[in-house]
Amino acid sequence: MFAQSVLAESNSLYVGDMIFYLVSLVILMLLVKKFAWGPITKMMQDRADKIANDIDSAEASRNEASKLAEQRESELQNARSEAATIVGNAKQSGESQRTQIITSAQSEAQALKENAQQDAEQAREDALKRAKDDVANLSIEIASKIIHKELSAGDQKALIDSYIEGLGKE
Amino acid sequence: MGGDAYTFKLFGLMFNWTNILSGLAVFVIVFFLLFGLSRKLTLKPTGGQNALEWFVDFTNGIVRGQMPAEYAPRYSFLGFFLFIFIFVSNQFGLILQFGWGGHELLRSPTADPVITMTLSFSIMVLTHLVGVAQNGFLKYLKGYVKPVAFLLPINLFEEFGNFLTLGLRLFGNIYAGELLLKMIAGLALPDGHLSLGVIYALPLSVIWQGFSVFIGAIQAYVFVTLTSVYISHKVAEE
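Along each chain, numbering runs from 1 in the same order as the chain's sequence is written. Labels are handed out in written order, letters beginning with A for the chains and numbers beginning with 1 for the ligands. It should be noted that, the model being predicted, local features are given only for residues of pLDDT at least 70 and side-chain atom pairs only at 80 or more, the latter also being counted only at that level, while totals for whole chains, interfaces and linings use all residues.

1. What about the overall build of chain A?
Item 1. When you go through chain A residue by residue, the secondary structure sums to two helices and zero strands.
Item 2. The burial tally for chain A puts 6% of its 170 residues in the buried class. Helix numbers and strand numbers start at the N terminus; a helix is a DSSP run of H or I with at least 4 residues, a strand a run of E with at least 2. Every C-beta atom is placed from the backbone, and the number of other C-beta atoms within 10 Å of a residue's own sets its class: buried at 20 or more, exposed at 12 or fewer, partly exposed in between.

2. A closer look at the overall build of chain B
Item 1. Scanning chain B from N- to C-terminus turns up seven helices and four strands.
Item 2. Secondary structure of chain B in N-to-C order comes out as β-β-α-α-α-β-β-α-α-α-α.
Item 3. Among the 238 residues that make up chain B, the fraction classed as buried is 34%.
Item 4. For the purpose of contact definition, each residue receives a C-beta atom placed from its backbone, and two residues are in contact when these atoms lie within 7 Å. Counting only contacts in chain B whose residues sit at least 6 apart along the sequence, the fraction spanning at least 24 positions is 67%.

3. Observations regarding the UniProt feature "transmembrane region" (unreviewed entry) in chain B
Residue and element names in this part refer to chain B.
Item 1. Feature annotation in UniProt places "transmembrane region" (unreviewed entry) on residues 20-37, 75-94, 114-133 and 207-231, given in this structure's numbering.
Item 2. Within the segment residues 114-133, helix and strand shares are 100% and 0% respectively, and the terminal C-alpha atoms sit 28 Å apart.
Item 3. Along residues 207-231, the helical share is 100% and the strand share 0%, with 36 Å between the first and last C-alpha atoms. UniProt positions are given in the numbering used here, feature names are shortened, and annotations may be inferred rather than shown by experiment.

4. Section: the nonpolar core
Grouped burial of nonpolar side chains is what soluble globular proteins tend to show.
Item 1. Counting 49 residues, the largest nonpolar core has Val30, Phe83, Ile84 and Ile86 of chain B as its most contacted members.
Item 2. Breaking this core down by element, the ones donating at least two residues are helix 1 (15-150) of chain A together with helix 1 (17-37), helix 2 (47-66), helix 3 (72-95), helix 4 (113-135), helix 6 (152-188) and helix 7 (198-235) of chain B.
Item 3. Looking at this core, the element that brings in the most residues is helix 3 of chain B, giving 12 residues.
Item 4. The residues contacting Phe83 of chain B, other than those within four sequence positions of it, are Thr59, Ala220 and Val224 of chain B. By our criterion, buried Ala, Val, Leu, Ile, Met, Phe, Trp, Tyr and Cys residues that link up through C-beta atoms within 7 Å make up a nonpolar core.

5. Details of helix 3 of chain B
Count 3.6 residues to each turn of an α-helix, and residues three or four apart come out pointing the same way.
Item 1. By this rule the span expected of a helix is its residue count minus one, scaled by 1.5 Å. With 24 residues, helix 3 of chain B should cover 34 Å at 1.5 Å per step; its first-to-last C-alpha distance of 34 Å lies within 8% of that length.
Item 2. Here helix 3 of chain B lies mainly inside the structure; 19 of its 24 residues are buried.

6. Observations concerning helix 2 (residues 153-169) of chain A
Item 1. An ideal rise of 1.5 Å per residue puts 24 Å on 17 residues; helix 2 of chain A measures up with 24 Å between its terminal C-alpha atoms.
Item 2. With zero of its 17 residues buried, helix 2 of chain A lies for the most part at the surface.

7. Structural notes on the packing of helix 2 of chain B against helix 3 of chain B
Residue and element names in this part refer to chain B.
Item 1. Each axis is a line fitted through C-alpha atoms, and for a helix only the stretch in contact is used; angles between axes span 0 to 180 degrees, taken between their N-to-C directions. Contact geometry for helix 2 and helix 3: axes closest at 8 Å, N-to-C directions at 120 degrees. Compared by their axis directions, helix 2 and helix 3 come out oblique. As helix 2 packs across helix 3, the resulting crossing turns out to be right-handed. Residues Val56, Thr59, Asn60, Ile62, Val63 and Arg64 of helix 2 form the contact with helix 3, whose participating residues are Ala72, Tyr75, Ser76, Gly79, Phe80 and Phe83. In this scheme, roughly parallel covers angles under 35 degrees and roughly antiparallel covers those over 145, while 65 to 115 is roughly perpendicular and the rest are oblique. The crossing is said to be left-handed when, going from far helix to near helix, the turn is anticlockwise and less than a right angle, and right-handed when the turn is clockwise.

8. Description of the packing of helix 1 of chain B against helix 3 of chain B
All names here are of chain B.
Item 1. For the pair helix 1 and helix 3, the least separation of the axes is 10 Å and the interaxial angle reads 125 degrees. Compared by their axis directions, helix 1 and helix 3 come out oblique. In this structure, helix 1 crosses over helix 3, and the sense of that crossing is right-handed. Between helix 1 and helix 3, the residues in contact are Ser22, Ala25, Val26, Ile29, Val30 and Leu34 and Ile84, Phe85, Val88, Ser89 and Phe92, respectively.
Item 2. Note on residue categories: nonpolar means Ala, Val, Leu, Ile, Met, Phe, Trp, Tyr, Cys or Pro, charged means Asp, Glu, Lys or Arg, and polar means any other residue, Gly included. Partitioned by chemical class, the residues of the contact of helix 1 with helix 3 number nine nonpolar, two polar and no charged.

9. Description of the confidence of the model for chain A
Item 1. Across chain A, the average pLDDT comes to 84, with 89% of residues at or above 70.
Item 2. Confidence of the predictor in every single residue is expressed as pLDDT, which spans 0 to 100. Low confidence marks residues 1-10 of chain A, where pLDDT is under 50. Its contacts with residues over four positions away, or in another chain, come to 20 contacts.

10. Concerning the confidence of the model for chain B
Item 1. Per-residue confidence for chain B gives a mean pLDDT of 82, with 92% of residues at or over 70.
Item 2. Overall fold confidence (pTM) sits at 0.69, and the ipTM for the predicted complex is 0.78.

11. A closer look at the environment of Gly131 of chain B
Residue and element names in this part refer to chain B.
Item 1. By the secondary structure assignment, Gly131 is in helix 4.
Item 2. With 10 residues separating them in the primary sequence, Gly131 and Leu141 have C-alpha atoms 9.6 Å apart.
Item 3. In this structure, Gly131 is in contact with Tyr140, Gly143, Lys234 and Val235, ignoring residues within four places of it in sequence.

Here is the structure:
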C-alpha cells in the first residue's frame, strides 16, 4: 500500500495532501456545523428572540400600566365631580324642603289661627245671641211680672190703642 | 526544516506524512475544542459557552464588516470555521513540533505552501461559484469588464493575484515564524547537545513565540477578512 515510504524530493507537489485536506476540511465543516455551530447559533438566536420579546412585553405592560393609571385618574375625576353633584343636589333639595316645610308650617299656623279666630268669633256671637235671648226673656218675664202687677184697665186700654194706632200708621 | 519529509504514494498520488499527521491533529483539536465548548448550552451562558459565543460574535463581526448585511448570515459559518481552523493550525506548530530521524512529522499545517494554496484555491473557487449563483453567469462575466472594458486583463490578473497572495501571505508568516523559532532553538542546541547558548536562546524563544501567537491570530483574522471581501465583491451589486 505505502509503495514508497521514502523521502520525497522537496519540490514535488503533494496532490494527495491537497485532496486529503479538501476532503477532511469538508468533513470537519459538516461535523462542526452539526455539533457546535448549529446549537450555539440556535441558542444565540433564541436568546435574541427572548430578549426582543421581553423588551416588547415590557413596553406593552408599561403602556398598559400607564393606560390604567390614566383610566383611574379619569374615573377618580368622574367620581369626584359626581360626588360634588350629589352633594349639590342634596343641598338644593334640603333647601327646597326647608322652605317648603316653613311655608307649609306658616300656612298651617295661619289656618289654625284663622280657625281659632273664627271659633272665637262664633263663640262670641253665640254668647251674644244667647245673652240677647236671655235679656229678651228676662225683659219679657220682668215685663210680664210688672204687667201683671200694675197694668190697670185704663192703662191697658191706652196701650192697645197706641198699638192699634201704630198699626194704622204702618 | 521542512525540506525533506517522509512521503508515501497511494493511488498514484503523493502524500506527505508531515501534512497528513499535522492536519489530522488539527482537525481533531478543532473538533473536540468546539464540541467541548458547545455542550450543555443554556439561555444564560456560562463558562465555555460564553467563550464560544464571544468567538462566534467575533467572526460574525469580521464577515459582517465586509459585506452587505443581507449576505452576511450566509457566510458567517464559513468565516467562523476558517478562522478557528487557521488559528489552531497557526498555533499548533508553536506548541508542538515533532521530528523523527531529522525529518519533521508534526508542525503547523499552514507552514506548508501546498496547504495554504489549497485553502486559498478552494476559497477562490468558492467566490466564483457564489458569484455565478448569486448574479447569474452573464452578470458574473460582466464583472470582469467593470468599470471599463479595457481593464479586463487587470481584473483577470487581480483574480490570480488574490489567489496567490491569500495563500502565500499565510504561508510566509507562519513558515517564517517557525523557521526563526527553529533557528533560535538551534542556538541552544548547536550540535544536538545543550550548550550555554540556552541562556540567551530561551528568552528569545519565549519572546518570539509570543509574537508568533500574535501573528498567527492576525493571519487568521486577515484570511477571514479577505475571504469575506472577495465573496462580497463577487456577490454584491456595485
